[in-house]
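Take a look at the letters that make up each chain.
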Amino acid sequence: MTDTDGDTEARTRRAFRVAYDGTTYRGFQRQPHGDTVEDTLLDACCRLGVLDGDPRPAGDSRETPTGWAAAGRTDRGVSAVAQTVAFDAPDWLTPRAFCGELPDDIRAWASADAPADFHATHDAREREYEYHLHAPEADDDAVDRACERLSGEVDLHNLSADPRGDGTRRDLSLSATRDGAYLRLRARADGFPRECVRRVAGLLAAVGAGERDLAFVDRALDDEPLAGPEGIAAAPPEPLVLVAVNYPDLEFAVDQQAAATAWTVFERRRVERTTGARVAAQLRRGASRDP
């Protein structure tokens, strides 16, 4: 990439905090077919001239900026507050400028200068997810006890789509907080195997409903695999949000204008969905009446 005088454009490694509503995307990681968050970010880089080439080339042949990496590969339908992408960027690429080529449901809102060898995946110290579990009649005490059993140094091979190995052994911190009809499940670790938080949510939902007991929670943490009807299914992805990623050596500066725009965008979505829920409630009431 060159500037207007023909000189090579100076670039430095920079990390960007990105919030997105993932409910309409096929996950974060780019794919040959279907919209993903990563593809959309790379499209924006192309339109901004940060990345050479045309947006959305055929197949999976897209190039990426030097150093490109993300904190995590969220599943289809999962959203994020603090997904983090890092790459070699020109000085003028602020979160505000990035947002100028992004759709409303993806917002860059903060950035940090990073060392030249910084890697957004490998240098993340902790990742934190929150799952909004609709459980108005759950046994909260039973859920709390299950969270205690699942916290600490554990092997999560029975709570993951990944094969058993080093990637399934984690130091997990898990808690549940009552919020009206919902339990807000908070999971924190240095990393998570595939579908892990969603399967933990499915297990806790079963415990709260009295369908599973604490002995089964212990069984899920055993070396022996759970198979067939004993297997733990993943809860739906839409209530899951990546809320924090910790990089001890980075200091993120909030782009106030970009953050204000993000607030406006997601507040509008909140109102739309709240209104939609009221309409659905009215339809439910009407459909339940005698003809």
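Described in the following lines is the structure provided in the data block. (Residues numbered from 1 in each chain as written. Predicted model: local features only at pLDDT ≥ 70, side-chain atom pairs only at ≥ 80, totals over all residues. Heavy atoms only, no water.)

**Points about the pairing of strand 1 (residues 11-20)**
The side chains of a regular strand alternate between both faces of the sheet.
Part 1 of the argument: Taking burial as the measure, the 10 residues of strand 1 include 8 buried ones, the bulk of the element.
Part 2 of the argument: With 9 bridges joining them, strand 1 and strand 3 (residues 79-90) adopt antiparallel strand pairing. For valine 18, the partnering residue across the bridge sits in strand 3 and is glutamine 83.
Part 3 of the argument: Of the pairings in the sheet, the one linking strand 1 to strand 4 (residues 106-113) comprises 7 bridges and is antiparallel in character. Residue pairing across strands places phenylalanine 16 opposite serine 111, the latter belonging to strand 4. (Buried < 20%, exposed > 50% of the residue type's maximum accessible area, 1.4 Å probe, protein only. Helix = DSSP H or I, 4+ residues; strand = E, 2+ residues; numbered from the N terminus. Pairing = 2+ DSSP bridges.)

**Structural notes on the packing of aromatic side chains**
Part 1 of the argument: Scanning the entire structure with this criterion turns up 7 aromatic pairs.
Part 2 of the argument: Measuring from centroid to centroid gives 5.5 Å for phenylalanine 16 and phenylalanine 87, while their planes differ by 20°, and the two rings are stacked. Of this pair, phenylalanine 16 sits in strand 1 while phenylalanine 87 sits in strand 3, and the two are 71 residues apart along the sequence. Note on accessibility: phenylalanine 16 and phenylalanine 87 belong to one class, buried.
Part 3 of the argument: Three or more aromatic residues joined by ring pairs make a cluster, and in this case those are Phe16, Trp68, Phe87 and Phe98.
Part 4 of the argument: Its end group placed over the ring of phenylalanine 252, arginine 17 keeps NZ or CZ at 4.0 Å from the ring centre.
Part 5 of the argument: Over the ring of phenylalanine 216 we find arginine 212; its NZ or CZ atom is 3.8 Å from the centre of that ring. (Phe/Tyr/Trp six-rings, centres within 6.5 Å; stacked < 30°, edge-to-face > 60°. Lys NZ or Arg CZ within 6 Å of the ring centre and 35° of its normal.)

**Describing the pattern of salt bridges**
Part 1 of the argument: Taken as a whole and judged by the stated rule, the model has 21 salt bridges.
Part 2 of the argument: Where glutamate 126 meets arginine 188, a salt bridge forms, and the shortest distance between an N and an O atom there is 3.5 Å. Of this pair, glutamate 126 sits in strand 5 (residues 126-134) while arginine 188 sits in strand 8 (residues 182-189), and the two are 62 residues apart along the sequence.
Part 3 of the argument: What makes arginine 188 partly exposed here is its relative accessible area of 31%.
Part 4 of the argument: Between aspartate 140 and arginine 178 there is a salt bridge; the shortest N-O distance is 2.6 Å. A residue pair is termed long-range when its members are at least 10 positions apart, and aspartate 140 in helix 3 (residues 140-150) and arginine 178 in strand 7 (residues 169-179) qualify at 38 residues.
Part 5 of the argument: You can call aspartate 140 partly exposed: its relative accessible area is 24%.
Part 6 of the argument: Residue classification places arginine 178 among the partly exposed residues on the basis of a relative accessible area of 31%.
Part 7 of the argument: Linked by salt bridges that have partners in common, Asp21, Asp105, Arg269 and Arg273 make up one network. (Salt bridge = Lys/Arg side-chain N within 4 Å of Asp/Glu carboxyl O.)

**A closer look at helix 4 (residues 196-208)**
Part 1 of the argument: Counted at 1.5 Å a residue, the expected span for helix 4 with its 13 residues is 18 Å, and the 18 Å between its end C-alpha atoms agrees.
Part 2 of the argument: Burial runs high along helix 4: 11 of the 13 residues are buried.
Part 3 of the argument: Within the span of helix 4, buried status applies to Cys196, Val197, Arg198, Arg199, Val200, Ala201, Leu203, Leu204, Ala206, Val207 and Gly208.
Part 4 of the argument: If you follow the buried residues of helix 4, they end up packed against strand 5, helix 3, strand 7, strand 8, helix 5 (214-220) and strand 9 (240-246).
Part 5 of the argument: Directly after helix 4, the chain includes glycine 210, whose backbone phi takes a positive value near 80°. (Expected span 1.5 Å × (residues − 1). Contact = heavy atoms within 4.5 Å.)

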